Amino acid sequence: MAAPLLDAEDYLAHQGDDQAHALRTLMDAIGQSFPELEMTLAWNVPHFKQGKDYVAGLSASDKWVSFSPWSKEVMGAFRERLGSYSTTANLVRIDLDREIDSQLFVDLVQARLAELGL
């Protein structure tokens, strides 16, 4: 059985170079824009939290990284801006060969914080 992951840096260390780079880009943009948010692991993947509230989650797969603002309403409000991404009701898939629009993901976090009243 594999040892449990300790933190977001440990999660990144267990990813491929492309996945780690994409996740780091997202983590840095969000962390710099919202220094009050806590980075934690939940369900064995990195999440940003404010108090008890989950604001955004990140994860990696072989072909993409995923971002979730934990809100179908936020996803719906950004439907037009997310049009070129593969999405579900709850998350955005970002292909590893795609340049990351950091501002889009910062805006998604801002919308989630507003939804939470934070």
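Predicted, not measured: the structure shown is a model, and the values here were computed from it.

**What to know about the pattern of salt bridges**
Right, so step 1: One pass over the structure, following the stated rule, counts 5 salt bridges.
Right, so step 2: In this structure, the salt-bridge partner of R24 is D28, at a minimum N-O distance of 3.4 Å. Of this pair, R24 and D28 are both found in helix α2 (residues 17-33), 4 residues apart, which corresponds to roughly one turn of the helix.
Right, so step 3: The class of R24 is partly exposed, set by a relative accessible area of 27%.
Right, so step 4: With a closest N to O distance of 2.8 Å, D107 and R81 form a salt bridge. Of the two residues, D107 sits in helix α4 (residues 102-116) while R81 sits in the loop between α3 (72-77) and β5 (86-87), which places them 26 residues apart along the sequence.
Right, so step 5: For R81, a relative accessible area of 41% puts it in the partly exposed group.

**Overview of the environment of G51**
Right, so step 1: Along the chain, G51 falls in the loop between β2 (45-50) and β3 (53-60).
Right, so step 2: In this structure, the C-alpha to C-alpha distance between G51 and A77, residues 26 residues apart in sequence, is 24 Å.

**Thoughts on the packing of aromatic side chains**
Right, so step 1: Enumeration over the complete set of coordinates arrives at 5 aromatic pairs.
Right, so step 2: Their ring planes at 35° and their centres at 5.3 Å tell us that W43 and W70 sit as a pair that is tilted. Remark: W70 occurs in the loop between β4 (64-68) and α3 and W43 occurs in the loop between β1 (38-42) and β2; sequence separation between them is 27 residues.
Right, so step 3: Measuring from ring centre to ring centre gives 5.9 Å for Y85 and F105, while their planes differ by 85°; the resulting arrangement is edge-to-face. Residue Y85 is found in the loop between α3 and β5, and its partner F105 is found in helix α4; the two are separated by 20 residues along the sequence.
Right, so step 4: What makes F105 buried here is its relative accessible area of 1%.

Scoring rules and cut-offs
Residues numbered from 1 in each chain as written. Predicted model: local features only at pLDDT ≥ 70, side-chain atom pairs only at ≥ 80, totals over all residues. Heavy atoms only, no water. Salt bridge = Lys/Arg side-chain N within 4 Å of Asp/Glu carboxyl O. Helix = DSSP H or I, 4+ residues; strand = E, 2+ residues; numbered from the N terminus. Buried < 20%, exposed > 50% of the residue type's maximum accessible area, 1.4 Å probe, protein only. Phe/Tyr/Trp six-rings, centres within 6.5 Å; stacked < 30°, edge-to-face > 60°.

Function-wise, these values are silent; they only describe arrangement.
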